[in-house]
Amino acid sequence: MITFLDYGAGNVRSVINAIETLGEKVEIVRAPDDILSAEKLVFPGVGAFGSMMNILNNNNYVKPLLAYLRSGRPFLGICLGLQALFEYSEEAPGVEGLGFILGSVKRFEIDYSVPHIGWNGLNIKQPSLIFNGLNGVEKLYFVHSYHVVPENDEVVLTTTDYGCEFVSSIQLGNIIATQFHPEKSGSAGLQILKNFLEATGKQTKPVRPEQTTRLAKRIIACLDVRANDQGDLVVTKGDQYDVREKGAVRNLGKPVELARYYYQEGADEITFLNITGFRDFPLEDMPMLEVLKQTSKNVFVPLTIGGGIRDYTDKNGREYKALEVASEYFRSGADKISIGSDAVLIVEEYLKTGKERGRSSIEEISRVYGNQAVVISIDPRRVYVNSPDEVEHQVMETTISGPNGERYCWYQCTIKGGREGRDLDAITLAQVCENLGAGEILLNCIDRDGTNLGFDLELINAVAEAVSIPVIASSGAGGAEHFYEVFTQTEAESALAAGIFHRKEVPIGVVKKHLTGKVEVRL
Ligand code: 1PR
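Worth saying up front: this structure is predicted, and the values here are computed from it rather than measured. (Residues numbered from 1 in each chain as written. Predicted model: local features only at pLDDT ≥ 70, side-chain atom pairs only at ≥ 80, totals over all residues. Heavy atoms only, no water.)

This part covers the site of the ligand. Residues in contact with the ligand amount to 25 residues; listed here are only the nearest, Ser341, Ser377, Asp379, Asp449 and Ser475. In this structure, Asp449 approaches the ligand through a side-chain N or O atom, which is 2.6 Å from an oxygen atom. Separating an oxygen atom of the ligand from a backbone N or O atom of Gly450 is a distance of 2.8 Å. In isolation the ligand offers 770 Å² of accessible surface; the protein chains occlude 99% of this area. Of all the secondary structure elements, the ones that give two or more residues to the shell around the ligand are strand 14 (218-227) and strand 30 (494-497). The class makeup of the residues in the shell around the ligand is 8 nonpolar, 13 polar and 4 charged. (Near = heavy atom within 4 Å. Polar contact = N/O pair within 3.5 Å; in protein donor to acceptor, adjacent residues only side chain to side chain. Areas by Shrake-Rupley, 256 points an atom, 1.4 Å probe, with all protein chains shown as cover. Helix = DSSP H or I, 4+ residues; strand = E, 2+ residues; numbered from the N terminus. Nonpolar A, V, L, I, M, F, W, Y, C, P; charged D, E, K, R; others polar.)

The structure is reproduced here in structure tokens:
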């Protein structure tokens, strides 16, 4: 029996799913005494340090947690469950951590994109039973902007390199805590969890040949989902966002089955976009929540969900906040949510008033769940102009001339799935969203979507240079060479494709094979 500390934020369902897949029963902590009587405690933390400590304090969990840790019984902390063990965090000045381990939690001060999102390796510093069955070259999934800095090196179990060498897990007797997410790290992560749960293996220290670890470029499979004319939820795919063929919605398969298939094929992440979310409210459109619940049962890589994340008033006049919608998605198994149309409206309002209201969906969701959980999905379209002075937007020179020989263009933001163009450019949108708390940009391109012509490198470079959060390149992949192109000619951290995967033209394995030896990937 595993006792599970769910303090109510972020996606803990995947951890439960992973533990149950490994044949263990999970009991959730309902009262402080449940912690004291636990035999094995798992504490997965997702979200923000300040709100986590508030909840632990309000529930009177701090004292029993410290008593449990001092008892020396097995403990596994994940992500914030590691950071909570320390004295304080720069993320929440003035808020005390558990202080079980001397040291603090610091924000990354590096030239790389922050948050550190993706699959990275481990420099193993001491033997541990959690490494049984691993060969040391595995990559694990990280998503965080802060890292722990222990005062005493003896607790360091692994380090990882990302602009600096940071502590990626600690071990103190039976207490193990990781910055990476084993439950989101495919088979390697499941092996680590299994080793912890069984606790029978010997202490091992696999040796990795390379000197430093490297973050892999991520390959993401995207599933655009909507109900077809018969009312069934299907994966569809548009050509420049038009998903109808001979009048009917294109049906490329069932969302849960396809997601499983891509996980087995080696996708580093899976994104679901509820493409009619702008008109159907997700909390009324329950099938999408069910898709997430079913998928997260046996897909152990990160899941992002987008579509319809905004404030909403239903027919009976009940008001819902975007935060409630996001919370429901997280509870159903999402690791990140993506905001499309609402982000455009938020930025327009911000530019008009020049003020951060603190109450937009981006701000509220990132405050509770952390920046890393908030992705902004941009649906831009090229607009050609003859000179940069023609419009008050961030205009760029382009090598792909317009229909009348124009040498300049700007990227117009759209809402409602590309149906409505707005007076806002994609670069400004990305910059403002980063300031408001977004952690990642999903950069689509309507002109390239479904064309197989390759990613719009000019757009990706312009946005990636304008922000310091990671950018996911999307739209237009037609072959493995396009992934090589986007990873070597732009700063994109990951690349997303839909059509070539759904039509089985280029399997994910072929893309990774093509990149191996040239671009760092997770094999
Ligand atoms: O506006 O917050 O409700 O979110 C709606 C979400 O649905 C947005 O993220 C928006 O991008 C997406 N969406 C809306 N309509 C469509 C459509 O296609 N008609 N799909 C749509 C966007 C674009 C990509 C696609 C890539 C790769 N899909 O995600 O998967 O372009 O395609 P490719 O590899 O085949 O070229 P909100």
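A word on the side chain of Asn132. Residue placement: Asn132 occurs in the loop between strand 8 (123-124) and strand 9 (140-144). Among the polar contacts listed, one links the side chain of Asn132 to the backbone oxygen of Leu129, at a separation of 3.0 Å. Setting aside its immediate chain neighbours within four residues, Asn132 contacts Gln191, Asn195, Gly201, Lys202 and Thr204. (Contact = heavy atoms within 4.5 Å.)

Moving on to the packing of helix 7 (residues 255-265) against helix 8 (residues 287-298). Running from amino to carboxyl end, helix 7 crosses helix 8 at an angle of 25°, the nearest separation of the two axes being 9 Å. Taken together, the axes of helix 7 and helix 8 lie roughly parallel to each other. As helix 7 packs across helix 8, the resulting crossing turns out to be right-handed. Where helix 7 approaches helix 8, its residues Pro255, Val256, Ala259, Arg260 and Tyr263 are matched on the opposing element by Val291, Gln294, Thr295 and Asn298. (Axes fitted to C-alpha atoms, helices over the stretch in contact; angles between N-to-C directions. Parallel < 35°, antiparallel > 145°, perpendicular 65-115°, else oblique. Left-handed = near helix turned anticlockwise from the far one by under 90°.)

Our focus in this paragraph is the environment of Cys222. Along the chain, Cys222 falls in strand 14. Measuring from C-alpha to C-alpha, the distance between Cys222 and Pro388 comes to 34 Å, with 166 residues separating the pair along the chain. Residue contacts for Cys222: discarding those within four places in its chain leaves Thr271, Leu273, Leu496, Ala497, Ala498 and His502.

This part takes up the packing of aromatic side chains. The geometry of an aromatic ring pair comes down to the distance between the two centres and the angle between the two planes. Under the counting rule described, the total for this entry stands at 14 aromatic pairs. A ring pair is formed by Phe108 and Phe166, whose centres lie 5.2 Å apart and whose planes are at 90°; its orientation type is edge-to-face. Here Phe108 is found in the loop between strand 6 (103-107) and strand 7 (116-120), whereas its partner Phe166 is found in strand 12 (residues 165-172), with 58 residues between them in sequence. Phe108 sits in the buried class, given a relative accessible area of 4%. According to the relative accessible area criterion, Phe166 is buried, its value standing at 1%. Ring pairing ties together the aromatic residues Phe108, Tyr112, Phe142, Tyr162, Phe166 and Phe180, which thus form one cluster. Directly above the aromatic system of Tyr146 lies the positively charged group of Arg107, at a separation of 5.7 Å from the ring centroid. Its end group placed over the ring of Tyr261, Lys504 keeps NZ or CZ at 4.7 Å from the ring centre. (Phe/Tyr/Trp six-rings, centres within 6.5 Å; stacked < 30°, edge-to-face > 60°. Buried < 20%, exposed > 50% of the residue type's maximum accessible area, 1.4 Å probe, protein only. Lys NZ or Arg CZ within 6 Å of the ring centre and 35° of its normal.)

The subject of this paragraph is the packing of helix 10 (residues 341-353) against helix 12 (residues 426-436). Axis separation between helix 10 and helix 12 bottoms out at 10 Å; the angle between their running directions is 85°. On the basis of the axis angle, helix 10 is roughly perpendicular to helix 12. Residues Ala343, Val344, Ile346, Val347, Tyr350 and Leu351 of helix 10 form the contact with helix 12, whose participating residues are Thr428, Leu429, Val432, Cys433 and Leu436. Among the residues forming the contact of helix 10 with helix 12, the class breakdown is 10 nonpolar, 1 polar and no charged.

The biggest cluster of nonpolar side chains holds 128 residues, and the ones touching the most others in it are Ile270, Phe272, Ile376 and Phe483. Top element by residues in this core is helix 12. It accounts for 7 residues. For Phe483, the residues in contact, after removing those within four places along its chain, are Ile219, Phe455, Ala477, Ala495, Ala497, Ile500, Phe501, Val511 and Leu515. In this structure, Leu5, Ile35, Leu56 and Ile101 belong to the second largest nonpolar core, which totals 35 residues. (Core = buried A, V, L, I, M, F, W, Y, C linked by side-chain atoms within 4.5 Å.)

Keep in mind these values describe shape, not function.
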